[in-house]
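Descriptive structure summary
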Amino acid sequence: MGKTLTYKILEKHLVDGELKQGNAIGIRIDQTLTQDATGTTAFLLFESMGIGRVKTDMSISYIDHNMAQFGPENHNDHLYLQTVATKSGAYHSRAGNGICHQVHLERFGKPGATLLGSDSHTPTGGGIGMLAMGAGGMDVAVAMGGGPFYITAPKVIGVKLTGRLNDWVASKDVILKLLSILSTKGNVGCVVEYFGPGVETLTVPQRATITNMGAELGVTTSVFPSDDNTKAFLAAQEREADFQPLTADADAEYDRVIEIDLSQVEPMAACPSSPDNTCTIADLAGGEVGQVLVGSCTNSSYADLMMAAKVLKGRQIDPMIEFGVAPGSRQVLNMLAENGALSDLITAGARILETGCGPCIGQGFSPANDVVSVRTFNRNFAGRTGTKGDQSYLVSPETAVACALTGKFTDPRSLDIEYPDVDMPEHFDIDDSMIVPPLSEEEAKIAEVLRGPTIVVPESPKQLPDTLNGQVVLKCGDKITTDHIMPAGVFLKYRSNVPEYSKYVFNCFNEEGEKTFAQKSLELKAKDVGSVIVGGQSYGQGSSREHAALCPMYLGVRAVLAKSIERIHKANLINFAIVPIVFADEADYDKVAESDELVIENLRDAVKDKDTVEIVDKTSGTKFNGKLELSQRDRDILLAGGLLSYTKNA
Ligand code: F3S
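Residues numbered from 1 in each chain as written. Predicted model: local features only at pLDDT ≥ 70, side-chain atom pairs only at ≥ 80, totals over all residues.

1. Some points on the overall build of the chain
Looking only at helices and strands, the chain has 22 helices and 27 strands in total. Since a compact globule built from 650 residues should have a radius of gyration of about 26 Å, the 24 Å found for the chain is in line with a globular shape. Each of the three principal axes of the chain carries a C-alpha extent, and together these read 70 × 55 × 55 Å. Across the 650 residues in the chain, those meeting the buried criterion constitute 58%. The long-range fraction of contacts in the chain, counting pairs at least 24 apart against all pairs at least 6 apart in sequence, stands at 78%. (Helix = DSSP H or I, 4+ residues; strand = E, 2+ residues; numbered from the N terminus. Rg over C-alpha atoms; globule rule 2.2 N^0.38 Å. Buried ≥ 20, exposed ≤ 12 C-beta atoms within 10 Å, placed from the backbone. Contact = placed C-beta atoms within 7 Å.)

Given below as structure tokens:
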């Protein structure tokens, strides 16, 4: 039987375990990336491992998430990251150089390599033929130290692309179409691999849009072959030497095959408040829109922004629309400035944002109450814009621009404008002057790491108790995201100070005048009672935000009991010695109420080698079983008191 591309790359990187579907395997990581929201913790943990220098082929620290400065916190973080990264042998992409995934694709991505990033959209690198995965900062810190990354050898979903996209239909519509088929649930442990004749009709940035938003499927990653288009992109970035052709065998067998005829794809939208709540733009046509944003790591490539500029050239956006454009990288921003496209956007009424994540993570451009916001981003979870009760729709740049012109949901095909096909440039403007290279070992010996007072070393997890005496501090429903658990936006500036940031855990559920989640948990912690969170389906979906485990750990959360727990978040919980437990019978979810006292006898023993635990609800007088879906390594990490102690003792 022929091999999939996924398994070919895994085979080359296998360092532990047998490469058989469903097995836990350890793979060598060639490259890592961190961004500032997760990077400070990753580097603090890396420092505490005492390894000194990174052992990957290449590690890069990016600043892109939190650049608005209303106090010293963010600049302290930037200085810490620049000095610690370069001293540790990593590159550092400075604030203003661009969004990690776009810059990485442009300047570092390499077909056939493995990339581990402390950001859930790291799979963007799949557009250039990398096996690129998101993980928590602690996993990335271990990979920086040369340790393997552990995954379950995946199922591979093959997506066969045929045909060619019509004018005004974008690769964003392809991934929205796939989300309508696969949804955000039930795809854990899978890799999506693209093949078929339609692949060659897509450029690397178009492919990267698809693999970027593939993260919303909940899969391990997504990957495209590396072909002539990949070679052309690398050549345009003066990196042709990094090219190698890669493809699945012609007789590769996939666990499931989905066929998408690109010529049949229509402009789509993800409606509030989930990326898989999709419909066609035609279904929404005529509805009022109040805000339009083009940018993010999903859709701010040169071609995306040039298309927008060409459509808007000589035209004005609707006067009731607030229109923002955030270029994904300094390279792209410079090119738009030099060829006049930036001026076309400004003249049309666009507000130009700094190259960075910006509004995607609730940093500015929060929409007014009851205003529909149309965004080219990848997530529209409730409240992510920074406005409670927001109505955020995810669309392609083509659709976004059409909406900006008319002030209404508009199928871009209905515009009386010729489609401005934008070719990928044969040569991008290369300027890496805002990427600070690593210091030499000699230089590093005397280099100082700048640590402002807002950078606080996180507390280590406690050992697992033999018996857990716990209390349910919060019972929540399905699809709780890491944004719900640990809000970003204005709170993100506290990310390097866990005691401070922890005050805002589950801020969206904190009622005014009542004790917050943090206050309740800390009171229990003082009495040596473990806090327990009860969740529904897909608990912890969304971003890789490790603080969604780190801060609850600090508050004394010892277990999460849910109907299902998403992959990256589950790994983060384990890394911080919080036990992830899944209801053996989902109906038992109804038996537990907030404030119930729970007892799990012999928890430590169960974590050693059992698949179930008995949970006694002392308040309601009921008992039920929870499943421990743990690999041997997960068990070892939990018993060691988290990944850091596990790594130190290994
Ligand atoms: Fe940044 Fe949003 Fe992407 S926060 S990394 S632009 S998903």
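2. Structural notes on the site of the ligand
For the ligand, the set of nearby residues contains 13 residues, the closest of which are Ser296, Cys297, Cys357, Cys360 and Ile361. Of the residues contributing to the shell around the ligand, the split by class is six nonpolar, five polar and two charged. (Near = placed C-beta within 6 Å. Nonpolar A, V, L, I, M, F, W, Y, C, P; charged D, E, K, R; others polar.)

3. Thoughts on helix α2 (residues 36–49)
Compared with an ideal rise of 1.5 Å per residue, which puts 14 residues at 20 Å, α2 spans 19 Å between its outermost C-alpha atoms and is within 8% of the ideal. Burial in α2 covers these residues: Asp36, Ala37, Thr38, Gly39, Thr40, Thr41, Ala42, Phe43, Leu44, Leu45 and Phe46. In the core, the buried residues of α2 are packed alongside β3 (31–35), β4 (58–62), α3 (73–87), α5 (137–144), α18 (547–555) and α22 (643–649). Directly beyond the C-terminal end of α2, a positive phi value near 70° is found at Gly50. (Expected span 1.5 Å × (residues − 1).)

4. As for unusual backbone geometry
Note that the residue after Pro272, namely Ser273, is joined by a cis bond; omega there is 0°. Along the chain, Ser273 turns up in the loop between β13 (268–270) and β14 (278–280). Phi angles above zero are rare outside glycine, and Ser183 is one such case at about 60°. With 18 C-beta atoms counted inside 10 Å, the residue Ser183 sits in the partly exposed group. The phi dihedral of Lys479 falls on the positive side, at around 55°, and the residue is not glycine. Mapped onto the fold, Lys479 is located in the loop between β21 (468–475) and α15 (482–485). With 21 C-beta atoms counted inside 10 Å, the residue Lys479 sits in the buried group.

5. Comments concerning the packing of helix α10 (residues 302–312) against helix α12 (residues 341–348)
Relative to each other, α10 and α12 sit at 55°, their axes nearing to 8 Å. Considered as vectors, α10 and α12 are oriented oblique to each other. Considering the relative orientation of α10 and α12, their crossing is left-handed. Within the contact between the two elements, α10 uses Leu305, Met306, Ala308, Ala309 and Leu312 and α12 uses Ala341, Asp344, Leu345 and Ala348. (Axes fitted to C-alpha atoms, helices over the stretch in contact; angles between N-to-C directions. Parallel < 35°, antiparallel > 145°, perpendicular 65-115°, else oblique. Left-handed = near helix turned anticlockwise from the far one by under 90°.)

6. Concerning the domain arrangement of the chain
A common way to state how big an interface is: give the accessible area lost once the parts meet. The assigned domain composition of the chain is domain 1 (273–414) and domain 2 (468–649). Distance between the C-alpha centres of domain 1 and domain 2: 36 Å. Taken together, the contacts link nine residues of domain 1 with seven residues of domain 2. For the side of domain 1 that touches domain 2, a count of residues per class yields two nonpolar, five polar and two charged. (Domains from an automatic or database assignment.)

7. Here's the deal with the packing of helix α6 (residues 171–182) against helix α7 (residues 204–213)
Helix-helix packing is described using two parameters, namely the angle between the two axes and the distance between the axes. Interaxial distance between α6 and α7 falls to 8 Å at its minimum, and their mutual angle equals 30°. With respect to α7, the element α6 is oriented roughly parallel. Both α6 and α7 take part in a crossing whose hand is right-handed. Contacts between α6 and α7 involve Ser171, Lys172, Val174 and Ile175 from the former and Gln206, Thr209, Ile210 and Met213 from the latter. A per-class count over the contact of α6 with α7 returns four nonpolar, three polar and one charged.

8. Digging into the UniProt feature "domain: Aconitase A/isopropylmalate dehydratase small subunit swivel" (unreviewed entry) in the chain
With numbering aligned to this structure, UniProt lists the feature "domain: Aconitase A/isopropylmalate dehydratase small subunit swivel" (unreviewed entry) at residues 516–585. Annotated as 40% helix and 24% strand, the span residues 516–585 places its first and last C-alpha atoms 30 Å apart. (UniProt positions renumbered as here; feature names shortened; annotations may be inferred.)

9. Things to note about the environment of Ile27
Of note, Ile27 is situated in strand β2 (residues 24–27). Here Ile27 falls in the buried class, since 25 other C-beta atoms lie within 10 Å of it. Ile27 sits 363 residues away from Asp390 along the chain, and the two C-alpha atoms are 41 Å apart. Those residues in contact with Ile27 that sit more than four places away from it in its chain are Leu10, His13, Leu14, Val15, Thr114, Pro148, Phe149 and Ile151.

10. Considering the sheet that holds strand β1 (residues 14–16)
Spatial ordering of the open sheet is given by β1-β2-β8, a layout of three strands whose pairing is antiparallel. Each edge of the open sheet is held by one strand with a lone partner, namely β1 and β8 (149–152). With strand direction ignored, the average angle separating the axes of adjacent strands in the sheet is 50°. The pairing of β1 with β2 spans two bridges and is classified as antiparallel. Within β2, the residue paired with Asp16 across the bridge is Gly26. (Pairing = 2+ DSSP bridges.)

11. As for the pairing of strand β22 (residues 530–535)
With six of six residues buried, β22 lies mostly within the body of the structure. A two-sided burial pattern is seen for β22, the buried positions comprising Gly530, Val532 and Val534 on one face and Ser531, Ile533 and Gly535 on the other. Relative to β22, β21 runs parallel, the two sharing five bridges. By the bridge assignment, Leu474 is partnered in β22 with Ile533. With five bridges connecting them, β22 and strand β23 (residues 557–562) associate as parallel partners. Paired with Ser531 across the two strands is Val557, which belongs to β23. In this view, the connection linking β22 to its parallel neighbour β23 by way of α18 has right-handed handedness. (Right-handed = clockwise from strand over helix to strand, strands pointing away.)

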